[in-house]
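Chain by chain, the residues:
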Amino acid sequence: DIGATFKLVNPREMPEIAKSIKKTDRKDVEKMLRRLQVEGELPESRCLSREERMLRSISRERSDVSKNKRKLMVRIHAVIDSHDLPSVKAEFVKPEWRSRMEAALRPDEWLVLEMQLSQDDHALGVIGLLDQRMIEMASQSPYYALLMSIPGMGPVLSSIVIAEVGRMQDFKDARQFAAFIGLVPRVRSSAGKARCGSITKAGPSDLRWAITQAVTVSSRCKSQSAVTKMYHRKRRKGKPARVAICAAANKLARVIHSMLTNSVQFSHKAA
């Protein structure tokens, strides 16, 4: 009503506050005022709508369930491998396989395995429900059709990207977007010399996983884009698979920034 503009400040982006030992509201405000007087701006926090927050919540809940499921897979394999009954996880849902395991194991051993399999069944059902709801919400975004045009980027991965990105306008350029995901190398400088190390792995891990997973899937396709060509070029030079995937994922992140900013679909030549 008085014509004032309000902005939500992200204190974690201000070292004066994030690394401060003495923290009070008065001291925080004094530090913000000093930053504002010196630089003329404050690090603004990204504010999402209610729908965007809900989509992100569903996406991260799916991630937690998937992580627990992977840990459960390790425990199941430990039980069957210890009895010389190795099997692939695709067999776990088949009734005939479970009947063979029940006949081969002792009653107490089968009870443990049966409980683990029931937890896996429940996790599969939960992931299916979360995927369905997540895709329904993400498909309303204008980014959804654009992301679906990328090779290797299916409905689930596209939904995860939309949930974690929010609005692409919040990023100044493609490099900042790649840095936000944590796909840029860590730079160490000393005595005037700079050395690049491993990627920073900053930002949301689910977003980084979705983009690297899209590269992994697209690298197996017959039709190749500039992203997959980079992957295969790194591999031919003797780079490990994970290094080649990270390099191609960095390029894909920059392509995604350009696509969503300019509202254009993926092009094998342009990429």
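The rules behind each value
- Residues numbered from 1 in each chain as written.
- Predicted model: local features only at pLDDT ≥ 70, side-chain atom pairs only at ≥ 80, totals over all residues.
- Heavy atoms only, no water.
- Patch = residues over 30% accessible without salt bridge, like charges linked within 9 Å, V, L, I, M, F, W, Y side chains within 5 Å.
- Areas by Shrake-Rupley, 256 points an atom, 1.4 Å probe, with all protein chains shown as cover.
- Salt bridge = Lys/Arg side-chain N within 4 Å of Asp/Glu carboxyl O.
- Buried < 20%, exposed > 50% of the residue type's maximum accessible area, 1.4 Å probe, protein only.
- 1 Å grid on protein atoms, 1.4 Å probe; cavity = no way out; pocket = protein on both sides within 12 Å on 5 of 7 lines; lining within 4 Å.
- Points joined across faces, edges and corners; volume = space filled by probe spheres on them.
- Helix = DSSP H or I, 4+ residues; strand = E, 2+ residues; numbered from the N terminus.
- Nonpolar A, V, L, I, M, F, W, Y, C, P; charged D, E, K, R; others polar.
- Axes fitted to C-alpha atoms, helices over the stretch in contact; angles between N-to-C directions.
- Parallel < 35°, antiparallel > 145°, perpendicular 65-115°, else oblique.
- Left-handed = near helix turned anticlockwise from the far one by under 90°.
- Contact = heavy atoms within 4.5 Å.

Here we look at a nonpolar patch on the surface
A cluster of nonpolar residues, Val29, Leu33 and Leu36, forms a patch on the protein surface that exposes about 250 Å² of accessible area. By relative accessible area, which is 46% here, Val29 ends up partly exposed.

What to know about empty space enclosed by the protein
Tallied over the full model, the rule gives 1 cavity of 30 Å³ or more. Each pocket or cavity is described by its volume, and for the largest cavity that value is around 40 Å³. Considering the residues around the largest cavity, the lining is formed by Ile150, Pro151, Ala214, Val215, Ser218, Ser225, Val227, Thr228, Leu252 and Phe266. Those elements that place two or more of their residues in the lining of the largest cavity are helix H9 (205-218) and helix H10 (226-236). When residues in the lining of the largest cavity are grouped by element, the largest group, 3 residues, is from H9. A breakdown of the residues in the lining of the largest cavity according to their chemical character gives 7 nonpolar, 3 polar and no charged.

Remarks on the pattern of salt bridges
Tallied over the full model, the rule gives 12 salt bridges. A salt bridge links Glu109 to Arg106, with the shortest nitrogen-to-oxygen separation between them at 3.3 Å. Arg133 is the partner of Glu136 in a salt bridge, and the nearest nitrogen-oxygen pair spans 3.3 Å. Remark: Arg133 and Glu136 occur in helix H5 (residues 107-138); sequence separation between them is 3 residues, near one turn of the helix. Judged by its relative accessible area of 39%, Glu136 falls in the partly exposed class. Look at Arg133 and you get partly exposed, because its relative accessible area is 43%.

Quick word on the packing of helix H8 (residues 174-181) against helix H11 (residues 241-262)
Interaxial distance between H8 and H11 falls to 8 Å at its minimum, and their mutual angle equals 125°. In terms of orientation, H8 lies oblique with respect to H11. Taken as a pair, H8 and H11 cross one another with a handedness that is right-handed. Residues Ala174, Arg175, Phe177, Ala178 and Ile181 of H8 touch H11, and the partners they reach there are Asn250, Ala253, Arg254, Ile256 and His257. The residue makeup of the contact of H8 with H11, split by class, is 6 nonpolar, 2 polar and 2 charged.

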